[in-house]
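One-letter residues, chain by chain:
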Amino acid sequence: MKKVDHIGIAVSSLEESLPLYTEVFGMKHVKTELVETQGVAVAFLDGGNVKLELLEPASPDSPIAKFIERRGQGIHHIALKVKNIEERIVEMKEKGIQMIDNAPKPGAGGASIAFMHPKSTGGVLMELCEKREELS
Ligand code: ZN
């Protein structure tokens, strides 16, 4: 578990936020996907050595909508690339990390994901992310 897979950024509107990343920063917008289980529309950006995911709330009761309401737009989470996510969840718990998700759930891009509680990670929402097939 050494690589950062992606950084999740909460935005109010993909349409308004994308030009900053594509036109100003010159990143490639790979695709946009609606992840209904998470209540978000996700725009994948190729940031070279790390991917960025812009997260737009798909409904008013989405966790991203609540995040933006409380804290405004900005960095939402950092995702670590893992293999055998079930084992990593057990390992994290053994190491004293409080998990939000005790079992993997489906995330964007066909990934299996599990979030750690920011209380036990110094205020940063960290995600474990296992991809079935490599997209890039
Ligand atoms: Zn993520």
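(A) Inspection of the overall build of the protein at higher detail. Scanning the protein from N- to C-terminus turns up three helices and eight strands. Its C-alpha atoms give the protein a radius of gyration of 15 Å, within 12% of the compact-globule value 14 Å for 136 residues. Seen through its principal axes, the protein has C-alpha atoms that stretch 45 × 35 × 25 Å. Within the protein, residue pairs in contact and separated by at least 24 positions form 52% of the contacts whose partners lie at least 6 positions apart. When the accessible surface of the protein is summed, it comes to about 7,800 Å², and 53% of that surface belongs to carbon and sulfur atoms.

(B) Inspection of the pattern of salt bridges at higher detail. Under the counting rule described, the total for this entry stands at six salt bridges. Ionic pairing is found between R88 and E91, a salt bridge with its closest N-O pair at 2.6 Å. Taken together, the residues R88 and E91, both in helix α3 (residues 85–94) and three residues apart, mark about one turn of the helix. Residue classification places R88 among the partly exposed residues on the basis of a relative accessible area of 21%. Residue E91 is classed as partly exposed on the basis of its relative accessible area of 22%. For the salt bridge of K105 with D101, the shortest nitrogen-to-oxygen distance reads 3.4 Å. Overlapping salt bridges, with partners in common, bring together D5, K51 and K131 in one network.

(C) Geometry of the coordination of the zinc ion. Distances from the zinc ion to its protein donors, H6 (NE2), H77 (NE2) and E127 (OE), fall at 2.0 to 2.1 Å. Along the chain, the residues that donate to the zinc ion are spaced as H-x70-H-x49-E. Here H77, found in strand β5 (residues 74–81), pairs with E127, found in strand β8 (residues 126–130); they are 50 residues apart in sequence, far enough to count as distant. As far as burial versus exposure is concerned, H77 and E127 are alike and both buried.

(D) Structural view of the sheet that holds strand β2 (residues 28–35). The eight strands are arranged β2-β3-β4-β1-β5-β8-β7-β6 in an open sheet whose pairing can be described as mixed. Taken across any chain shown, the strands that pair with only one partner, and hence form the sheet edges, are β2 and β6 (105–106). Here β6 runs beside strand β7 (residues 112–115); their pairing, made up of two bridges, is antiparallel. Residue pairing for β7: K105 is matched across the bridge by I113.

(E) Layout of α3. Inspection of α3 places I85, I89 and M92 among the buried residues, and these make up the whole buried set. Seen along its axis, α3 keeps its buried residues to an arc of 65°; they face one direction. α3 presents E86 and E94 as exposed residues on the side facing more than 90 degrees away from its buried surface. Of the surrounding secondary structure, the elements contacted by the buried residues of α3 are β7 and β8. Immediately beyond the C-terminal end of α3, within one or two residues, lies G96, with a positive phi of roughly 90°.

Parameters at a glance
- Residues numbered from 1 in each chain as written.
- Predicted model: local features only at pLDDT ≥ 70, side-chain atom pairs only at ≥ 80, totals over all residues.
- Heavy atoms only, no water.
- Helix = DSSP H or I, 4+ residues; strand = E, 2+ residues; numbered from the N terminus.
- Rg over C-alpha atoms; globule rule 2.2 N^0.38 Å.
- Contact = heavy atoms within 4.5 Å.
- Areas by Shrake-Rupley, 256 points an atom, 1.4 Å probe, with all protein chains shown as cover.
- Salt bridge = Lys/Arg side-chain N within 4 Å of Asp/Glu carboxyl O.
- Buried < 20%, exposed > 50% of the residue type's maximum accessible area, 1.4 Å probe, protein only.
- Donors = N, O, S within 2.8 Å, 3.2 Å for Na, K, Ca; no water.
- Pairing = 2+ DSSP bridges.
- Arc of directions from axis to C-beta.

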